[in-house]
Amino acid sequence: MVRFARLLLPFLAASLLSGAAWAADCTSPVATSDLIKPGTLVMSTNPTLPPLQYVDKTGQLVGMRIELGKEIAKRLCLTPEFVKIEFDAMVPGLKGGRWDMINTGIFFTPERAKLMQMIPYEMQAISISVPPTSKAPISKLEDLEGKTVGVEIGGFEEGKAKAIDAELKRTGGKGLTILTFDSFALAYQALRAGQVEAVVSIDGVAKDYADRGDFKRAISGLYPTPVALAFKSKPLADAVLKVLDDMQKDGSYKTLFDRYGVVAPAGALAVQGPAT
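Residues numbered from 1 in each chain as written. Predicted model: local features only at pLDDT ≥ 70, side-chain atom pairs only at ≥ 80, totals over all residues. Heavy atoms only, no water.

## Some details on the side chain of Thr45
And then number 1: Along the chain, the position of Thr45 falls in strand β3 (residues 40-45).
And then number 2: For Thr45, a relative accessible area of 0% corresponds to the buried category.
And then number 3: Leaving out residues up to four positions away in the same chain, Thr45 has contacts with Gln53, Leu61, Ile66, Phe82, Val83, Lys84, Ile85, Met90, Asn103 and Thr104. (Helix = DSSP H or I, 4+ residues; strand = E, 2+ residues; numbered from the N terminus. Buried < 20%, exposed > 50% of the residue type's maximum accessible area, 1.4 Å probe, protein only. Contact = heavy atoms within 4.5 Å.)

Here is the structure:
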């Protein structure tokens, strides 16, 4: 697998965005010992996934997951603070105490739940994006045979790209040439430049690019899997779970998801992770 040199956009460097402090008479249910900064909920995010989390034309961090993170902080009587960072730094940074919560739509897997507390709260699936002028018919995974595809490094999507490659080779094909990038934004830039023939990303992002006419979604709905919020602290995870439960009860959870076309997982939400 070919690994592109690490290319960082300016806004992908770690940076902080702080919201205004909440009312002084609001007491947080989260103990200071369960936070890395008193009175603050520090969240990491990879802002290259429109419309879920991205930097808009005015330089503001926006999107569904950003709104959700701010609402969680508000209900916990904490000030939201976002650290913009590449995906592959998320889990090491959480374990190293650089942020309280990963809020980037990390896919849930049992292996990841052995490393950290996770709340699967949203469903996503995999899409294959191609250039809008692509004439090569791609309607099934076999049509990717021999093609060069781009994907963000270190995530669920890279794992699925490798799985597709392995399956194509198992049946006697050439498989894929997989180029990894530090972000989906860079992967899509490579697609636009003709450096790759397709990009493996999540449905929400691929749909947004397709709706804008930038790229076509050749295949969608592959490998539907929950995505999660992730935490090092079990008490903080439990407090966030209560917030999400309250949002489901008052309807704000569904209202937010419906506005962005996001689907919630079936059944009750729960914290899954190592016993503490």
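## Some remarks on helix α8 (residues 252-260)
And then number 1: The set of residues buried in α8 consists of Tyr253, Leu256 and Phe257. One side of α8 carries all its buried residues, which in axial view fall inside an arc of 95 degrees. Among the exposed residues of α8, those pointing more than 90 degrees away from its buried face are Lys254, Thr255 and Arg259.
And then number 2: Elements that come into contact with the buried residues of α8 comprise α1 (64-75), β9 (117-130) and α7 (234-250).
And then number 3: Trailing α8 by a residue or two, Gly261 shows a phi angle of about 70 degrees, which is positive. (Arc of directions from axis to C-beta.)

## Some thoughts on the packing of α1 against α7
And then number 1: At a minimum axis distance of 10 Å, the contact between α1 and α7 shows a crossing angle of 105 degrees. The pairing of α1 with α7 is recorded here as roughly perpendicular in orientation. Residue-level contacts link Leu68, Glu71, Ile72 and Arg75 of α1 to Val240, Val243, Leu244, Asp246, Met247 and Asp250 of α7.
And then number 2: Looking at the contact of α1 with α7 residue by residue, the classes come out as 6 nonpolar, no polar and 4 charged. (Axes fitted to C-alpha atoms, helices over the stretch in contact; angles between N-to-C directions. Parallel < 35°, antiparallel > 145°, perpendicular 65-115°, else oblique. Nonpolar A, V, L, I, M, F, W, Y, C, P; charged D, E, K, R; others polar.)

## Quick word on unusual backbone geometry
And then number 1: For the bond running from Pro50 to Pro51, omega is 5 degrees, close enough to zero to count as cis.
And then number 2: Not every positive phi belongs to a glycine, and Cys77 is a case in point at roughly 60 degrees.
And then number 3: Along the chain, Cys77 turns up in the loop between α1 and β7 (79-84).
And then number 4: Taking relative accessible area as the criterion, Cys77 reaches 16% and is therefore assigned buried.
And then number 5: Phi is positive for Tyr223, which is not a glycine, with a value near 50 degrees.
And then number 6: Classification of Tyr223 by relative accessible area gives partly exposed; the value is 28%.

## Section: the pairing of β3
And then number 1: Of all 6 residues in β3, 6 are buried, a share of seventy percent or more.
And then number 2: Bridge count between β3 and β7: 6 bridges; the pairing is parallel. The residue of β7 that forms the bridge with Thr45 is Lys84. (Pairing = 2+ DSSP bridges.)

## Quick word on the side chain of Glu81
And then number 1: When you line up the elements, Glu81 lands in strand β7.
And then number 2: Overall, Glu81 belongs to the buried group, its relative accessible area being 7%.
And then number 3: For Glu81, the side chain forms a polar contact with the side chain of Lys37, separated by 3.0 Å. (Polar contact = N/O pair within 3.5 Å; in protein donor to acceptor, adjacent residues only side chain to side chain.)

## Digging into the pattern of salt bridges
And then number 1: Taken as a whole and assessed by the stated rule, the structure comprises 17 salt bridges.
And then number 2: The salt bridge partner of Lys37 is Glu81, with a shortest N-O separation of 3.0 Å. Here Lys37, found in the loop between β2 (16-18) and β3, pairs with Glu81, found in strand β7; they are 44 residues apart in sequence, far enough to count as distant.
And then number 3: With a relative accessible area of 33%, Lys37 lands in the partly exposed category.
And then number 4: Note that Lys169 and Asp165 form a salt bridge whose closest N and O atoms lie 3.3 Å from each other. Of the two residues, Lys169 and Asp165 both sit in helix α4 (residues 156-170), 4 residues apart, roughly one turn of that helix.
And then number 5: Here Lys169 falls in the partly exposed class, since its relative accessible area comes to 45%.
And then number 6: Through salt bridges with shared partners, a single network forms among Glu71, Arg75 and Asp250. (Salt bridge = Lys/Arg side-chain N within 4 Å of Asp/Glu carboxyl O.)

## Brief notes about the sheet that holds strand β5 (residues 53-55)
And then number 1: With antiparallel pairing, 3 strands are arranged side by side in an open sheet as β4-β5-β6. Unpaired on one side and paired on the other, β4 (48-49) and β6 (61-62) mark the two borders of the sheet.
And then number 2: Bridge count between β5 and β6: 2 bridges; the pairing is antiparallel. Bridge pairing in β6 places Val55 opposite Leu61.

## Some points on the nonpolar core
And then number 1: Formed by 68 residues in total, the largest nonpolar core has its most connected members in Ile72, Leu76, Tyr188, Val240 and Leu244.
And then number 2: For this core, the element with the highest residue contribution is α7, accounting for 8 residues.
And then number 3: Apart from residues no more than four positions distant in its own chain, Tyr188 is found in contact with Ser129, Val199, Ser201, Val205, Ala206, Tyr209 and Phe215.
And then number 4: Core analysis: the second largest hydrophobic core is formed by 17 residues, Ile85, Ala113, Met116 and Met118 among them. (Core = buried A, V, L, I, M, F, W, Y, C linked by side-chain atoms within 4.5 Å.)

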